[in-house]
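The chain contents come next:
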Amino acid sequence: MLEFFTAVLTSLSTGAIYALMSTALVLVWRSTRVINFAQAGQAVLSTYIGYEVTTRSGSYWIGFIGAVLSGAIIGAGIDRFFMRPIFKRVKSGPIVMIAPVVATLGLLGIIQAIVGFVWGLNYLTIAAPVSTEGLKVFGSVIAFSPFNLMVLISVTLSMILLTILFQKTNLGLALRASAYSPEIAKLSGIKVEAIRTIGWALAGAAGGLAGMLYVPGSYLYPNSMEVLLVFGFIAAVIGGLDSLFGAVAGAMILGFAINFSTTYISYKLVFPTAFVILILVLLIKPGGVFSSKKGRKD
Amino acid sequence: MTLVVSNLTIDHGAIRAINNVSFQVATGQLTAIIGANGAGKTTLLRSLSGLKESKSGSATWNGDSILGRKSEDLARSGIMHVSDGKSVIAELTVKENLALTGLWRKDKKDVAKATEEVIELFPILGERLSQTSGSLSGGERQMLAIGRALIARPKLLLLDEPSLGLAPLIVEQIFQTIKSFVAKMNLTVVLVEQNAMGALKIADEGVVLNLGTAVASDSAKNLLNDPAVRAAYLGF
């Protein structure tokens, strides 16, 4: 019973971190139609900045703000000064679909190299602001710490804020309109390119947040966010790539599947479970588990 | 204010979609651009709203060149393009679709007033405000697309095939509504249509396009009575 209870809690907190990455990928996909591989680089760079701010200020929370803000700025900058020129240059031909994606892959390598150059190839860590020791329940220690709880609360709060932003504000309406139909949005007078940059900024901020919540329970290294990129991507595909709700639900499905298979079958099953789910979704419901027949018309 | 299009030429890849087309629309006038499918009507309209690059020629509105400008800037300056078919964002509700053209307008009071006026013009939209636009009928979507454009208080309205895919009765209704609000709001309109008869009946002037070339240009009345035009485009 305790084992089951622990598995549920760890599923939720790991799912929460995947949810940040899948949300970031979906935000960019919806607005730009690009799978942003550089997301792992953006997240790791803003987490290094968060690490630097935390070390210098002595406060995790100031570092936390630093990571989220720098994540937003880096995201906006990449769209404005990297993606936008690429879209202007590459307008036709067989390369048009693939060039921006390859560009993000190249950018991932560049960012990781820069990070390695600046901070060195050492395993760093950021001390958690609350205990990472497992909680004691009925005399036995479970694999769920106050920090895991903090992760869960932070992600829940950010998802609520994001939902309010998208559903209740004018900016959210502009973001949705620009994602669903850039042409109609433009003809309605909405500055779609600027709105797209804001989408990239939100995605970047989510990456910085993911890093600050992931690293205290793990370590920081130039490629330490790649594994989150993979899980975030799988979660986004489970959710249909287009839907923010789907991205979060997909991340939870993945979190539960991984934690339950490792708890009850074998600790070796982390990656096999994730990839089996990915393949199953692509074979059975390629539009995502929540897709209806109607779907989106693009 | 006048729309002046001179010697406009537009290529669609290797194909010349619009070839040396010229026409003018005076303030408060409605010009119908008619022609068969593939005549280049939509391409012409898309170049006037910044969606399509032109090759040569010019187009000015009120003396300012409008070619090569961004669609969103043209929209904000009062040139509203209701693109082909029923151009609504299906995933958004009726209310949200209507709100799009008010998002950037400073005068929020007037946005509210314009929205009320649109709902008065198309009462069915008022009943469906919280429905997703994807659930609307074709005619309702067309009303929503036009209504959304009107909330921006446009000066020049570019309408692309409002009758496309609609039942004859609804087509008649849409054309009559267009005629009535155009007169009331003193709008200048370019109406692109395959339904030549319906369009010419409410138009002041008409231009007949054939394979990208303007083959006739006259008052709508004269075009309706022109035997050649009648035979080729009106079907009798």
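Before any of the text, the structure's been laid out above.
Everything in this summary refers to the structure shown in the same document. Quick caveat: nothing in here was measured; it's all calculated off a predicted structure. (Residues numbered from 1 in each chain as written. Chains lettered and ligands numbered in written order. Predicted model: local features only at pLDDT ≥ 70, side-chain atom pairs only at ≥ 80, totals over all residues. Heavy atoms only, no water.)

## Description of the overall build of chain B
Then, number 1: Of the regular secondary structure elements, chain B holds ten helices and ten strands.
Then, number 2: Scaling as 2.2 N^0.38, a compact globule of 236 residues should have a C-alpha radius of gyration of about 18 Å, and chain B matches this with 17 Å.
Then, number 3: Projected onto its principal axes, the C-alpha coordinates of chain B cover approximately 45 × 40 × 35 Å.
Then, number 4: Going through the 236 residues of chain B one by one, you find that 51% of them count as buried.
Then, number 5: Contacts spanning at least 24 positions in sequence make up 69% of the contacts within chain B whose residues lie at least 6 apart.
Then, number 6: When the accessible area of chain B is evaluated, it comes to approximately 10,000 Å², of which 50% is carbon and sulfur surface.
Then, number 7: Positive and negative side-chain charges in chain B, numbering 25 and 23 respectively, have mean positions lying 2 Å apart. (Helix = DSSP H or I, 4+ residues; strand = E, 2+ residues; numbered from the N terminus. Rg over C-alpha atoms; globule rule 2.2 N^0.38 Å. Buried < 20%, exposed > 50% of the residue type's maximum accessible area, 1.4 Å probe, protein only. Contact = heavy atoms within 4.5 Å. Areas by Shrake-Rupley, 256 points an atom, 1.4 Å probe, with all protein chains shown as cover. Lys, Arg positive; Asp, Glu negative; His and termini not counted. Charge placed at Lys NZ, Arg CZ, Asp CG, Glu CD.)

## Notes on the overall build of chain A
Then, number 1: Summing up its helical and strand segments, chain A has eleven helices and two strands in all.
Then, number 2: Along chain A, from the amino end to the carboxyl end, the secondary structure elements read α-α-α-α-β-β-α-α-α-α-α-α-α.
Then, number 3: Relative to a compact globule of 298 residues, whose C-alpha radius of gyration would be 19 Å, chain A shows 19 Å and is just as compact.
Then, number 4: Considering only C-alpha atoms, chain A reaches an extent of 65 × 50 × 35 Å along its principal axes.
Then, number 5: Going through the 298 residues of chain A one by one, you find that 52% of them count as buried.
Then, number 6: In the structure as shown, chain A presents an accessible area of about 13,700 Å², 71% of it carried by carbon and sulfur atoms.
Then, number 7: Separation between the mean location of the 20 positive side-chain charges and that of the 9 negative ones in chain A comes to 9 Å.

## Brief notes about the interface of chain A and chain B
Then, number 1: Counting residues at the interface gives 20 residues for chain A and 27 residues for chain B.
Then, number 2: Overall, the association of chain A and chain B removes approximately 1,900 Å² of surface from exposure, summing both partners, and the carbon and sulfur fraction of that is 61%.
Then, number 3: At the surface where chain A touches chain B, the tally comes to three salt bridges.
Then, number 4: Glu96 of chain B serves as the salt-bridge partner of Arg176 of chain A, at 2.9 Å between the closest nitrogen and oxygen.
Then, number 5: Applying the counting criterion to the chain A and chain B interface returns four residue pairs in polar contact (both at pLDDT 80 or more). (Buried area = accessible area lost by both parts, 1.4 Å probe. Salt bridge = Lys/Arg side-chain N within 4 Å of Asp/Glu carboxyl O. Polar contact = N/O pair within 3.5 Å; in protein donor to acceptor, adjacent residues only side chain to side chain.)

## A few points about the nonpolar core
Then, number 1: One finds Ile190, Leu213 and Leu254 of chain A together with Leu157 and Ile178 of chain B to be the most contacted residues of the largest nonpolar core, which totals 134 residues.
Then, number 2: Once residues lying within four places of it in the same chain are set aside, the contact partners of Leu254 of chain A are Tyr18, Phe231, Ile234, Ala235, Ile238, Ala274 and Ile277 of chain A.
Then, number 3: Membership of the second largest hydrophobic core comes to 25 residues, among which are Leu8, Val25, Ala59 and Leu67 of chain B. (Core = buried A, V, L, I, M, F, W, Y, C linked by side-chain atoms within 4.5 Å.)

## Describing the pattern of salt bridges
Then, number 1: Taken as a whole and assessed by the stated rule, the structure comprises 15 salt bridges over all chains.
Then, number 2: In this structure, Lys88 of chain A engages Glu193 of chain A in a salt bridge whose closest nitrogen and oxygen atoms are separated by 4.0 Å. Residue Lys88 of chain A is located in helix α3 (residues 60-89), and its partner Glu193 of chain A is located in helix α8 (residues 192-214); the two are separated by 105 residues in the primary sequence.
Then, number 3: Residue Lys88 of chain A is classed as exposed on the basis of its relative accessible area of 53%.
Then, number 4: Judged by relative accessible area, Glu193 of chain A falls into the partly exposed class, the value being 22%.
Then, number 5: Several salt bridges converge on common partners, so that one network encompasses Arg105, Asp110, Lys113, Glu117 and Arg153 of chain B.

## Description of unusual backbone geometry
Then, number 1: Of note in this structure, Arg33 of chain A is not a glycine but carries a positive phi near 60°.
Then, number 2: Among the structural elements, Arg33 of chain A can be located in the loop between α1 (2-32) and α2 (38-57).
Then, number 3: Given the relative accessible area of 30%, Arg33 of chain A is considered partly exposed.
Then, number 4: With phi around 55°, Arg153 of chain B is a residue other than glycine that occupies positive phi space.
Then, number 5: Assignment of secondary structure puts Arg153 of chain B in the loop between α6 (138-151) and β7 (156-160).

## Section: the packing of α1 of chain A against helix α10 (residues 244-264) of chain A
All names here are of chain A.
Then, number 1: Where α1 meets α10, the axes come as close as 6 Å, and the angle between the chain directions of the two elements is 145°. Of the two elements, α1 crosses α10, and the hand of that crossing is right-handed.
Then, number 2: Residue composition of the contact of α1 with α10, by class: 19 nonpolar, nine polar and two charged. (Axes fitted to C-alpha atoms, helices over the stretch in contact; angles between N-to-C directions. Left-handed = near helix turned anticlockwise from the far one by under 90°. Nonpolar A, V, L, I, M, F, W, Y, C, P; charged D, E, K, R; others polar.)

## A closer look at the packing of aromatic side chains
Remark: the centre distance and the inter-plane angle together describe each pair of aromatic rings, the angle taken between the planes.
All names here are of chain A.
Then, number 1: Enumeration according to the criterion identifies 13 aromatic pairs over all chains in this entry.
Then, number 2: Taken together, the ring pairs connect Phe4, Phe256, Phe260 and Tyr264 into an aromatic cluster.
Then, number 3: We note Arg30 situated over the ring of Tyr180; from NZ or CZ to the ring centre the distance is 5.6 Å. (Phe/Tyr/Trp six-rings, centres within 6.5 Å; stacked < 30°, edge-to-face > 60°. Lys NZ or Arg CZ within 6 Å of the ring centre and 35° of its normal.)

## Digging into the packing of helix α9 (residues 226-238) of chain A against helix α11 (residues 270-284) of chain A
Relative placement of two packed helices is described by the angle separating their axes and the distance separating the axes.
Residues and elements named next belong to chain A.
Then, number 1: Viewed as axis vectors pointing N to C, α9 and α11 meet at an angle of 30°, and their least axial separation amounts to 9 Å. Accordingly, the angle class assigned to the pair α9 and α11 is roughly parallel. The two elements α9 and α11 cross, and the hand of that crossing is left-handed. Every residue of α11 that contacts α9 at Val227, Val230, Phe231, Ile234, Val237 and Ile238 is listed here: Val270, Phe271, Ala274, Phe275, Ile277, Leu278, Val281 and Leu282.
Then, number 2: Tallied by class, the residues present in the contact of α9 with α11 amount to 14 nonpolar, no polar and no charged. (Parallel < 35°, antiparallel > 145°, perpendicular 65-115°, else oblique.)

## Observations concerning the sheet that holds strand β8 (residues 188-193) of chain B
All names here are of chain B.
Then, number 1: Taken in spatial order, the six strands of this open sheet run β6-β7-β8-β3-β9-β10, and their pairing is mixed. A single partner strand is all that each edge strand has here, and the edge strands are β6 (79-82) and β10 (213-219). The sheet shows a mean angle of 15° between the axes of neighbouring strands, taken without regard to direction.
Then, number 2: With five bridges joining them, β7 and β8 adopt parallel strand pairing. Within β8, the residue paired with Leu156 across the bridge is Thr188.
Then, number 3: Relative to β7, helix α1 (residues 41-48) is tilted by about 150°, and along the sheet it contacts β3 (30-34), β6, β7, β8 and β9 (205-210). (Pairing = 2+ DSSP bridges.)

## A few points about a positive patch on the surface
Then, number 1: Side chains of Lys191 of chain A together with Arg76, Lys106 and Lys108 of chain B sit close together on the surface and give a patch of like positive charge.
Then, number 2: Structurally, Lys191 of chain A is set in the loop between α7 (182-187) and α8.
Then, number 3: Residue class for Lys191 of chain A comes out partly exposed when judged on its relative accessible area of 38%. (Patch = residues over 30% accessible without salt bridge, like charges linked within 9 Å, V, L, I, M, F, W, Y side chains within 5 Å.)

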